[in-house]
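Reading the structure
Chain residues, written in single-letter form:
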Amino acid sequence: MAVPGKKAPQKLSSTLSQGSGEDFEVFCQPCDRDDLRLPAVGYCEDCEEHLCDSCFNTHRKPKPIRHHKLLGKDNIPRTQNLSTMSSSTNVGQPDDLSTPCSKHTKEMIKFYCRDHKALLCSVCVSLHHTRTSCLVDYIPDISGHTIDGTEFKDTLTCLNKITEECHTITADLRRMIAKSNTSLTDVLAEIKEFRDDINYRFDALEEEASDAANALKQENDTKLKTIDKTCDNVSKDLKASSDIIKQLNTTKKADRLFTELKNADQLIRDNEKRMLQVKSTGVTKEYIFIPSNAIQSLLQNEKSLGTLTAKTLSRIISHTNICAKTSSDGGDCCITGIAASFQNQIFLADYNNHSIKMVDINTQSIQQLSLVSQPWDITTTTRDELAVTMPSNKTIQLISYSSIRLSKKNTLKADGLCYGISNCQGKFAVTFQRPAKLQIIDLKGTVQSTVITNTNGENIFKHPEYVTSNSNAIYVSDCEMKAVIWLNWQGRLMGSYGGIESPRGLAMLDDGSFYVSDMGKCNILNVTGDCKESTTVLKDLDHPVAICWCDATKTFYICSISNDERKMNIIQIYKRS
């Protein structure tokens, strides 16, 4: 006669009943998974599991399962099928929940917190993610949808996109390095040719100039080698994750697939940051050698043979248009905000039609989400979330997105008429009108600082509209001041760039400079980060307002407020070399 408790290993038939190795007919299936064989006194029809006295009582308490239908001892099924057990445990349960917790290494990952998007062990749940403060699910209860599900497909899509981006970055960098090295080879030839015209007393200066050019070549080669290795490592990591996910999906290991998908999500975020770093460090320049006029006229007094100056390489190589108007629109568009996420995907704030639009540049398909009032500006917060300012409602609407859908999330209350918005390192920079001000707000809507006046008590803004930012600076366009205002994240006024007839949309570049659209002069300027110099990069446009720049693809997205209403529906796309 067996005693309830630890069970001995045995081969199970397809149906377990009296005579299967215990004196009781049916046993508790949750305890059985922990190698503890106890008699069942109840049954959950939703989970399709027999329960012991302890599990039966506990099953009534957790919020996610308190509504389950429970049967008492007299009404429980008298047989247990392996197929029924498999529906909740996925047969290979010990393997599916075998990932150790990073904080409590002796505990296995078994739970998921929806509020913090975190994988948890039982200790994590007890200490930091209690059921009263967080929405916590037991992974086997929610993992079934991952097999061939939307998250599975979206994760693979993201992994593939980053892998393709790695390959594109490497290929583009090889081409740029080849051009740069070719130009530097020409520089060396020009240096030698110029040196032949002067006297032997300048041998030392020639060596210095040649060393400078060779040093740049070495820097380029080292940069290529480093970035090539980084992208190769990223590709390998992403492929390994992709292979595991595919294999777990094929073998129907839902729990491990769920865990690996969440790990892949973190991997994606980490490598997106790595790719941004790679892009910023992968900027190269071509060079020309400019002889010194002073050396040519006064050889004895000059101390420099010449300078190495980067050429301006960028130029417009293509121009296309996309119509943003849809059959659902009540009238012509008025696009007041643009944001980009992945390559070939942009988001539009359509003020006139009270909607947000997601546009696939390749297929020109448009997904649309209606809002309760007019949106103004838009920015991405994560790889699956947007933030939209809605001035008339004094709110910031958060919106989630996938490759095929937009949906509303929570709303953040704003302290006034909010217009421009930019997100950087988990903080929003938001412009307001009446009164004119700038606020730094965290992603939960808490105001961290408000900027209205300078150190002398004078108003900084008159009519602030758009804003862009990086980790060091915030730039605000103000059409009444005819300038772009430069501040740091502590709210200190650092400077400004004036002389712009009607500054509107702004876009940040990886090199620290920014683009600004001048609706009055119908052009777009590239202004240095210190607001001292500018270059016109696009001109003869039709009153450009909202702009977006994608550094990865070197692409401008521009919307205009035109006297020709038909042009209000057009998104202009300019690709630069």
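1. Side note on the confidence of the model for the chain
On average, residues of the chain score 84 in pLDDT, and 89% of them reach the 70 mark or higher. Low pLDDT, under 50, characterises residues 1–23; the predicted model gives this stretch 38 contacts beyond four residues in sequence or across chains.

2. Here we look at the sheet that holds strand S32 (residues 523–527)
Strands sit in the order S30-S31-S32-S33 across an open sheet of 4 strands; the sheet is antiparallel. Two strands bound the open sheet, and with one partner strand each, they are strand S30 (503–508) and strand S33 (534–538). In this sheet, adjacent strand axes meet at a mean angle of 30° when their direction is disregarded.

3. A few points about the sheet that holds strand S5 (residues 49–51)
The antiparallel open sheet is built from 3 strands, whose spatial order is S5-S4-S6. In this open sheet, the two edge strands, each paired with only one partner strand, are S5 and strand S6 (70–71). Relative to S5, strand S4 (residues 42–44) runs antiparallel, the two being bridged by 3 bridges. Each bridged residue has a counterpart across the sheet, and for Tyr 43 the counterpart in S5 is His 50.

4. Brief notes about the nonpolar core
Ranked by size, the top nonpolar core spans 35 residues in total, and within it Ile 338, Tyr 475, Phe 514 and Tyr 557 carry the most contacts. Take this core: its biggest share by element is 4 residues, from strand S34 (residues 544–550). Setting aside anything within four residues of it in sequence, one finds Tyr 475 in contact with Tyr 466, Val 467, Thr 468, Val 484, Ile 485, Trp 486, Leu 506, Met 508, Gly 512, Phe 514, Gly 529 and Cys 531. Counting residues in each nonpolar core, the second largest holds 23 residues, with Phe 152, Ile 162, Ile 245 and Val 278 among its members.

5. Notes on the pairing of S32
Burial analysis of S32 places 5 of its 5 residues in the buried class, the great majority of the element. Alternating residues of S32 divide into Asn 523, Leu 525 and Val 527 and Ile 524 and Asn 526, and every residue in both groups is buried. Where strand S31 (residues 514–518) lies against S32, 5 bridges are found, and the strand directions are antiparallel. Note that in S32 the partner of Phe 514 across the bridge is Val 527. Taking the residues between adjacent antiparallel strands as the criterion, S31 and S32 are bridged by 4 residues, where Cys 522 takes a positive phi near 60°.

6. Concerning the state of the cysteines
With the rule as written, the count across this model stands at 0 disulfides. Cys 47 supplies the cysteine sulfur nearest to Cys 44, a cysteine that is in no disulfide, at a spacing of 3.7 Å. As a non-bridged cysteine, Cys 124 has Cys 121 as the owner of its nearest cysteine sulfur, 3.6 Å distant.

Quick notes on the rules
- Every chain begins its residue count from 1, and numbering advances along the sequence as written.
- The model is predicted, so local features are restricted to residues of pLDDT at least 70 and side-chain atom pairs to those at 80 or more, both for listing and for counting; the totals for chains, interfaces and linings are taken over all residues.
- Heavy atoms from the whole structure form the basis of all side-chain values; hydrogens and water molecules are not counted.
- The quantity known as pLDDT measures the predictor's confidence residue by residue, on a range of 0 to 100.
- Any pair of residues with heavy atoms lying within 4.5 Å of one another is described as a contacting pair.
- When DSSP finds at least two bridges between two strands, those strands are taken to pair.
- Helix and strand assignments come from DSSP, with helices taken as H or I runs of at least 4 residues and strands as E runs of at least 2, each series counted from the N terminus.
- Comment: axis = line fitted to C-alpha atoms, over the contacting stretch for helices; angle = value between 0 and 180 degrees taken between N-to-C directions.
- As used in this record, nonpolar core signifies buried Ala, Val, Leu, Ile, Met, Phe, Trp, Tyr and Cys residues forming a set joined through side-chain atoms within 4.5 Å.
- Three labels apply to residues, based on accessible area from a 1.4 Å probe with only protein chains included: buried if under 20% of the type maximum, exposed if over 50%, partly exposed otherwise in between.
- The criterion for a disulfide is a pair of cysteine sulfur atoms lying within 2.5 Å.

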